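So the chains spell out like this:
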Amino acid sequence: MALADLHRARKYINRRRLQVATSHLCSLLAGLLYVGWMILLVFCMDLLDHKGIASFAGEDAQYAQRIDPVEGNPSVDVYQRQDTGLLPTLVRLRDKWYAPTLEQLYRSVPLCQTDVGLLLLIAIVALVIGVVRFILLLLQSRLLVTATADAQSRLQTEIFDKQFELGGNAVSPNNQAKVESLLRDDLPTVLDSVQIYMERVVREPVKILSLLTFAFLINFPLSLSFVILSLLTWIAGERLWGRFTRHRQSLDTTSASATSRLLGLATKHRVIAGFSAEEHYARSFDGYVDQAKKATERRLRYESRLRNLGQFAGLII
């Protein structure tokens, strides 16, 4: 699959400008809704942490008393209550810029004022987000399928036009097999890759940027240290991976060369029989088999170590 083929397929898909723009909009909204899921998960984990128990003193107690007053409370400096839902989270986040929105939500939605009610509300909102996100992704997929099918027909037309331009040379068995392989294998692979790229080119960056923004709002120093360490790990990983890839390609070449010599020897059985060289053939064959076996073993062992190293690096990160 050549990079030029990917660019050509993307060019034909992008000609459906309205469909592609609508697809990107659906992808953008789906990415933002995914972040909404993460926000709901944070509220759910926070509720499971404080279990709805509100026990505050000082300014926290005064704020809680103002938001959800306890009748008959003799002291404004001590606030104790259970089954308060979102209230402990609201007290902890009262200095944030989005605290007024949470406060209004707590006052106007009774489900936020109890533990079970808050869990039920989180589940309902998560379900709604999931349904809407599913519809958006389904719409995006249908739009891209239509654009991809149009690109496929254009590319097929280009292939057949080129075949007719070549004249008699294009209808030879060898060239015909190449054309069939291009249409049957290469073209669908290119189009599938481009479609996957078009589906994620907007959604994934939006998800990453939104989640990073959300993380910085929660804890700026911790998030900053995470980003710096991730960048350093990525830079080091790119260099190491390039070195490992070059070594693996060398092993692949050695294994393929041994296999090629083995296949070449297998196709010369008539010549070998004609010169009565079966014994020499057997020794050569055994030698090539042994070379191919050792080359394959080295390649598989290296790939196994590479996978284990990748898993270990992921764990360290």
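Residues numbered from 1 in each chain as written. Predicted model: local features only at pLDDT ≥ 70, side-chain atom pairs only at ≥ 80, totals over all residues. Heavy atoms only, no water.

Enquirer: I'd like a description of the environment of Leu47, backed by residues and values.
Expert: Relative to the helices and strands, Leu47 is located in helix α2 (residues 17–50). On the accessibility criterion, Leu47 (3% relative accessible area) is buried. Each C-alpha atom, one on Leu47 and one on Thr84, is 9.7 Å from the other, the two residues being 37 residues apart in sequence. Among all residues touching Leu47, those that are not within four sequence positions of it are Gly52, Gly85, Asp115, Leu118 and Leu119. (Helix = DSSP H or I, 4+ residues; strand = E, 2+ residues; numbered from the N terminus. Buried < 20%, exposed > 50% of the residue type's maximum accessible area, 1.4 Å probe, protein only. Contact = heavy atoms within 4.5 Å.)

Enquirer: I'd like a description of the environment of Leu102, backed by residues and values.
Expert: Mapping Leu102 onto the fold places it in helix α5 (residues 99–108). Take Leu102: its relative accessible area is 10%, and that puts it in the buried class. With 16 residues separating them in the primary sequence, Leu102 and Leu86 have C-alpha atoms 8.7 Å apart. When near neighbours in sequence (up to four residues on either side) are disregarded, Leu102 contacts Phe43, Leu86, Leu90 and Leu93.

Enquirer: Break down α5 for me, citing the residues and quoting the values.
Expert: Among the residues of α5, those classed as buried are Ala99, Leu102, Glu103 and Tyr106. The arc enclosing the buried residues of α5, seen along the axis, measures out at 100°, which places them on a common side. Turned more than 90 degrees off the buried face of α5, the exposed positions are Pro100 and Thr101. (Arc of directions from axis to C-beta.)

Enquirer: Residue-level account of unusual backbone geometry, with values.
Expert: Unusually for a residue other than glycine, Lys51 sits at a positive phi of about 55°. Summarising the element assignment, Lys51 is placed in the loop between α2 and β1 (54–57). The exposed category is assigned to Lys51, whose relative accessible area is 55%. For Asp83, which is not glycine, the phi dihedral falls at a positive 55°. Within the element layout of this structure, Asp83 appears in the loop between β2 (78–81) and α4 (87–92).

Enquirer: How would you explain the packing of aromatic side chains if you had to name every residue and give the values?
Expert: Applying the stated criterion to the full structure yields 4 aromatic pairs. Relative to Tyr98, the ring of Trp97 lies with its centre 5.2 Å away and its plane at 85°, an arrangement referred to as edge-to-face. What makes Trp97 exposed here is its relative accessible area of 65%. Here the basic side chain of Arg94 rests over the ring of Tyr63, its NZ or CZ set 6.0 Å away from the ring centre. (Phe/Tyr/Trp six-rings, centres within 6.5 Å; stacked < 30°, edge-to-face > 60°. Lys NZ or Arg CZ within 6 Å of the ring centre and 35° of its normal.)

Enquirer: Tell me what's going on with the packing of helix α3 (residues 59–67) against α5, and back it up with residues and numbers.
Expert: Running from amino to carboxyl end, α3 crosses α5 at an angle of 45°, the nearest separation of the two axes being 11 Å. Relative to α5, the element α3 is oriented oblique. Between α3 and α5, the residues in contact are Tyr63, Arg66 and Ile67 and Glu103, Tyr106 and Arg107, respectively. Of the residues in the contact of α3 with α5, the class split is 3 nonpolar, no polar and 3 charged. (Axes fitted to C-alpha atoms, helices over the stretch in contact; angles between N-to-C directions. Parallel < 35°, antiparallel > 145°, perpendicular 65-115°, else oblique. Nonpolar A, V, L, I, M, F, W, Y, C, P; charged D, E, K, R; others polar.)

Enquirer: Go over the pattern of salt bridges, please, and point to the residues and values.
Expert: For the coordinates displayed, the defined rule picks out 8 salt bridges. Here Glu103 and Arg66 are joined by a salt bridge, their closest N and O atoms 3.5 Å apart. Here Glu103 is found in helix α5, whereas its partner Arg66 is found in helix α3, with 37 residues between them in sequence. Assessed through its relative accessible area of 15%, Glu103 is described here as buried. When its relative accessible area of 49% is taken as the criterion, Arg66 is described as partly exposed. When salt bridges that share partners are traced, they join Glu59, Asp60 and Arg94 into one network. (Salt bridge = Lys/Arg side-chain N within 4 Å of Asp/Glu carboxyl O.)

Read these as geometric descriptors, not functional statements.
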